[in-house]
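# Remarks on the overall topology
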Amino acid sequence: LAVGLTPELLPMVVSVTLARGALRMAKRKVIVKRPSAIQDMGSMDVLCTDKTGTLTEARIRLEKHVDASGRETVRVLEFAYLNSYFETGLRSPLDDAILQHSEIDISGWQKIDEVPFDFERRRVSVLVEREASRRLIVKGAPEDILRLCTHYEDGTGAIVPVDKAAGAQIETLFNALGQDGFRVLGIAWRDMPPDHPHAVVTDETELIFAGFAAFLDPPKTSAGEALAALQASGVAIKIVTGDNELVTRHVCTQLGLNITGVLTGTDIQNMNDDALSAKAEEVNLFCRVNPAQKNRIILALKSRGHVVGYLVDCINDAPSLQ
C-alpha cells in the first residue's frame, strides 16, 4: 500500500523487510552483517563447503604413529612432536593433537631454523640440534613427503633405500589409513652438517621416511541432517577440501552424501577454465586443492550461472570467500 501511494518508499520497505528478516534469523542464532545477503542466500543453488571443522567436529585426536611397515613406533611421534613444538608459523589442529602428547622429552634439543608451512608446498621443516648434531625434521602431506624421500627406516631402525616394492608397500599403508577415515601426515628427516646455518626449501630433498601420524576427526552429528535439508531445498552440495580423496569419501559415506564425481588438485592444475567449468557442474568432490584452485572452482560454478555459497573456517579460504 505504501509503495502504491508513494513509489519512492520502495527502498525503505525493502530495507525494513530485510531488517525484520535479520531479526528473525538472529533468533535462530544466525548473524546477518549485510541485509542484502539474505536475498543472496535465498537465491543460492550451489553450496561449496570445506570438510574439516564444517562437516567434522575439528576435535582431532592422534590415534596412530606408525613406521613404513605399519608398526606403532614412538620414534615417529618424537619427530612429529619436535616439528610441531618448534614451528612458529601457522599451527593447525593436527599440531595441537600432536602436542597433547606431553610425555615426549625434548630436553637437549635446540631450534636452529625453520622453513614455515605454506599451502603450495604443504609441509613444514624445522632444523634442530642436540649435542652438536643437526637434523632437519619435515612434516606434511604424505604425497609430497614421499616424493622427497629416497630412504626409509625399516622395523629394525636400519635406513634402507626406497625401491619399487618398498614404495608400493608404503603407498598401500597410506591408502589403508585413508580408507579407515584417518587423516594422515608424513614424517621424514635427514641429518645436516654441524655448520649448516639455515633451513631452506632446497634442504627438503633426499629425506629418510620415518612413518605416518594418523588422526581421527569424526563428522558432526548435525551435518548429515543439514546436508539432506539443503539438498531437499534444491541446493547442490559440493565438498572442496585440501584433504585426500579416501578420507573425504569416508566422511561423505558417514554423512549419507552420494558422490557423483571427483576432481583432484592435480586434475584442476591441468585444466583450462572452460574445461573446469564443464567438469565442476557434474563433480561434487574436490580433493587436495590449494587456495588458488578453490577460487577457480567458485568462479567456474559462477560462470555457469549458479549462485554459489561457500562455507569455510580457515584463513586460506579468504580469497574464495571474498
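So, a few notes on the structure that sits alongside this text.

About the thresholds
Residues numbered from 1 in each chain as written. Predicted model: local features only at pLDDT ≥ 70, side-chain atom pairs only at ≥ 80, totals over all residues. Heavy atoms only, no water. Buried < 20%, exposed > 50% of the residue type's maximum accessible area, 1.4 Å probe, protein only. Helix = DSSP H or I, 4+ residues; strand = E, 2+ residues; numbered from the N terminus. Arc of directions from axis to C-beta. Contact = heavy atoms within 4.5 Å. Polar contact = N/O pair within 3.5 Å; in protein donor to acceptor, adjacent residues only side chain to side chain. Pairing = 2+ DSSP bridges. Axes fitted to C-alpha atoms, helices over the stretch in contact; angles between N-to-C directions. Expected span 1.5 Å × (residues − 1).

Taken residue by residue, helix H9 (residues 245-255) has Val247, Thr248, Val251, Cys252 and Leu255 as its buried positions. Looking down the long axis of H9, one finds its buried residues gathered within 135 degrees of arc, a one-sided arrangement. For H9, the secondary structure elements touched by its buried residues are helix H7 (164-179), strand E8 (183-192), helix H8 (223-232), strand E10 (236-240) and strand E12 (285-287). Between the side-chain oxygen at the start of H9 and the backbone nitrogen of Leu246 there is a gap of 2.9 Å, and the oxygen is on Asn244. Positioned one or two residues after H9, Gly256 has a phi angle of 75 degrees, which is positive.

In this section: the sheet that holds strand E13 (residues 308-311). Spatially, the five strands line up as an open sheet ordered E11-E12-E10-E1-E13, and their pairing is parallel. What marks the edges here is a single partner per strand, and that holds for strand E11 (262-264) and E13. Pairs of neighbouring strands in the sheet enclose a mean axial angle of 20 degrees, with direction left out of account. Pairing of strand E1 (residues 46-49) with E13 involves four bridges; the strand directions are parallel. Note that in E13 the partner of Val46 across the bridge is Val308. The strands touched by helix H12 (residues 291-303) within the sheet are E1, E10, E12 and E13, with E13 carrying the most contacts at an inclination of about 155 degrees.

The terminal C-alpha atoms of H12, which comprises 13 residues, lie 19 Å apart, in line with the 18 Å expected from a rise of 1.5 Å per residue. The N-capping residue of H12, defined by a side-chain oxygen 3.2 Å from the backbone nitrogen of Ala292, is Asn290. Phi for Gly305, located one or two positions after H12, is positive at around 90 degrees.

A separate point is the side chain of Thr248. With respect to the element layout, Thr248 can be found in helix H9. A polar contact is formed between the side chain of Thr248 and the backbone oxygen of Asn244, at a distance of 2.8 Å. If we skip the residues at most four places from it in the chain, Thr248 touches Lys51, Ile239, Thr241, Asp243, Leu285 and Cys287.

Our focus in this paragraph is the environment of Asn244. Residue position: Asn244 is located in the loop between E10 and H9. Asn244 sits in the buried class, given a relative accessible area of 5%. Between the C-alpha atoms of Asn244 and Arg288, which are 44 residues apart in sequence, the distance is 5.4 Å. Other than its neighbours up to four places away in sequence, Asn244 contacts Glu143, Phe174, Cys287 and Arg288. Looking at Asn244, its side chain comes within polar contact range of the main-chain nitrogen of Val247, at 3.0 Å.

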